[in-house]
Amino acid sequence: MIHIRRAGALDAAPMAELLNVIIAKGGTTAMVDPVTATQLRQRMRLPGAAWHLAEDTQGTLMGFQWIEPHPDLPEGGVDVATFVRLGETGIGIGSSLFEQTRKAAKDMGYTHIHAIIRADNSGGMAYYQSRGFETYR
């Protein structure tokens, strides 16, 4: 069973650890440099951002997702990023995260969510398409 909750500053270290494993593997994120907990905490404080995480019943971080404004998006739009622990994709973590993120975006007044995905990230493309996303460019 997966539990979704708002992420807080104390979650930054385990989120950085999970993300750095994904970055090191390569192929699913445009990020190439490792991140620190401090960097994630700073990003979490950006105005208009919302962060959620997924935990299993033992409290192990399984994934996280954030939305934040992006200067290149049309008005009312917000950017989304999703990261799921390697080997744990396809079991509903991303779906559970997106339900909470979508609700937060609506509550914050956003009218549309954008995802910037690498063209070679077939898993990410399938995930976002299954959430109703359409290719924009």
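Scroll up a little and you will see the structure.
One structure accompanies this document, and this report is about it.

Rules used in this analysis
- Residues numbered from 1 in each chain as written.
- Predicted model: local features only at pLDDT ≥ 70, side-chain atom pairs only at ≥ 80, totals over all residues.
- Heavy atoms only, no water.
- Pairing = 2+ DSSP bridges.
- Helix = DSSP H or I, 4+ residues; strand = E, 2+ residues; numbered from the N terminus.
- Axes fitted to C-alpha atoms, helices over the stretch in contact; angles between N-to-C directions.
- Contact = heavy atoms within 4.5 Å.
- Expected span 1.5 Å × (residues − 1).
- Buried < 20%, exposed > 50% of the residue type's maximum accessible area, 1.4 Å probe, protein only.
- Arc of directions from axis to C-beta.
- Core = buried A, V, L, I, M, F, W, Y, C linked by side-chain atoms within 4.5 Å.

### Observations regarding the sheet that holds strand β1 (residues 3-6)
What the 5 strands build is an open sheet, ordered β1-β2-β3-β4-β5; its pairing is mixed. Each edge of the sheet is formed by a strand with only one pairing partner; in this case those strands are β1 and β5 (112-115). Within this sheet the neighbouring strands show an average axis-to-axis angle of 25°, counted without direction. With 6 bridges connecting them, strand β2 (residues 50-55) and strand β3 (residues 61-68) associate as antiparallel partners. Considered in β3, the bridge of Leu 53 is made with Phe 64. Of the strands in this sheet, β2, β3 and β4 (77-84) touch helix α1 (residues 12-25), which is tilted by about 95° from β3.

### Re α1
Taking 1.5 Å of rise per residue, the 14 residues of α1 would be expected to cover 20 Å, and the 20 Å separating its terminal C-alpha atoms lies within 8% of that figure. Considered for burial, the residues of α1 that qualify are Ala 12, Met 15, Ala 16, Leu 18, Leu 19, Ile 22 and Ile 23. Along the axis of α1, the buried residues cluster in a sector spanning 165°; they form a single face. Relative to its buried face, α1 has exposed residues pointing more than 90 degrees away, namely Glu 17, Ala 24 and Lys 25. Residues of α1 that are buried in the fold lie against α2 (37-44), β2, β3 and β4. Directly after α1, the chain includes Gly 26, whose backbone phi takes a positive value near 75°.

### What about the nonpolar core?
The tendency in soluble globular proteins is for nonpolar side chains to be buried side by side. Residues Met 15, Leu 19, Leu 40, Trp 51, Phe 64 and Phe 83 are the most contacted members of the largest nonpolar core, which totals 20 residues. Contributing elements (two or more residues each) for this core: α1, α2, β2, β3 and β4. The element best represented in this core is α1, accounting for 7 residues. Setting aside anything within four residues of it in sequence, one finds Phe 83 in contact with Leu 18, Leu 19, Ile 22, Thr 29, Met 31, Gly 63, Phe 64 and Trp 66.

### Re the environment of Trp 51
The topology assignment puts Trp 51 in strand β2. By relative accessible area, which is 3% here, Trp 51 ends up buried. Sequence separation of Trp 51 and Leu 61 is 10 residues, and the distance between their C-alpha atoms is 13 Å. With near-sequence residues (within four places) excluded, Trp 51 lies in contact with Arg 5, Arg 6, Ala 7, Met 15, Leu 40, Arg 43, Met 44, Phe 64, Gln 65 and Trp 66.

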